[in-house]
Amino acid sequence: EAFGHVEASVLAEWWLQQSRGESIEALLHQLLGDGVELAENFGSYWRFSLPHTRVGLPELFGQLEEKGKPLGIAEYTLTQATLEQIFNTIAHEVSEDQ
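Residues numbered from 1 in each chain as written. Predicted model: local features only at pLDDT ≥ 70, side-chain atom pairs only at ≥ 80, totals over all residues. Heavy atoms only, no water.

Within the protein chain, the regular secondary structure consists of three helices and two strands. Listed N to C, the secondary structure of the protein chain is α-β-β-α-α in terms of helices and strands. Relative to its length of 98 residues, the protein chain is extended, with a C-alpha radius of gyration of 17 Å against a globular reference of 13 Å. Expressed along its principal axes, the backbone C-alpha trace of the protein chain runs to roughly 45 × 45 × 20 Å. Sorting the 98 residues of the protein chain into buried and exposed places 16% on the buried side. Considering only residue pairs separated by 6 or more positions, the protein chain has 39% of its internal contacts joining residues 24 or more positions apart. As displayed, the protein chain offers around 8000 Å² of accessible surface, 55% of which is attributable to carbon and sulfur atoms. Computed over 5 positive and 16 negative side-chain charges, the separation of the two mean positions in the protein chain equals 11 Å. (Helix = DSSP H or I, 4+ residues; strand = E, 2+ residues; numbered from the N terminus. Rg over C-alpha atoms; globule rule 2.2 N^0.38 Å. Buried < 20%, exposed > 50% of the residue type's maximum accessible area, 1.4 Å probe, protein only. Contact = heavy atoms within 4.5 Å. Areas by Shrake-Rupley, 256 points an atom, 1.4 Å probe, with all protein chains shown as cover. Lys, Arg positive; Asp, Glu negative; His and termini not counted. Charge placed at Lys NZ, Arg CZ, Asp CG, Glu CD.)

Next up, the structure:
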């Protein structure tokens, strides 16, 4: 790594994690449409921002349970944005507009 090289096992693990994450993102797009955004990713941790849609939480949980294991989803949570996250998003958008 110090000389610009990466071991094959490290590259393979990274590739596998990226592939799984992209498959999960594709599933979310299929279920919820274009408003799905990748919020952050490091290692095997992926966090997405999901749009408000007509898909209810029970249906979303059901789809994740049914299709998640083959995609490598070990665990997941669904939560609403906190007031702090909403405020930070608005503040970021305002600062970009200026």
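The discussion continues.
So, on to the pairing of strand 2 (residues 45-49). Every other side chain in a regular strand lies on the same face of the sheet, so the side chains alternate between the two faces. Every second residue of strand 2 is oriented toward a common face, the buried set being W46 and F48 and the non-buried set Y45, R47 and S49. Relative to strand 2, strand 1 (residues 37-42) runs antiparallel, the two being bridged by five bridges. Across the sheet, the residue bridging to F42 is Y45, located in strand 2. With antiparallel pairing between neighbouring strands as the criterion, strand 1 and strand 2 make up a hairpin whose turn holds two residues, including G43 at a positive phi of roughly 60 degrees. (Pairing = 2+ DSSP bridges.)

With respect to the helices and strands, Q63 occurs in helix 2 (residues 57-71). Accessibility expressed as a relative area gives 18% for Q63, which makes it buried. Sequence-distant contacts of Q63, defined by excluding residues within four places in its chain, comprise L31 and G68.

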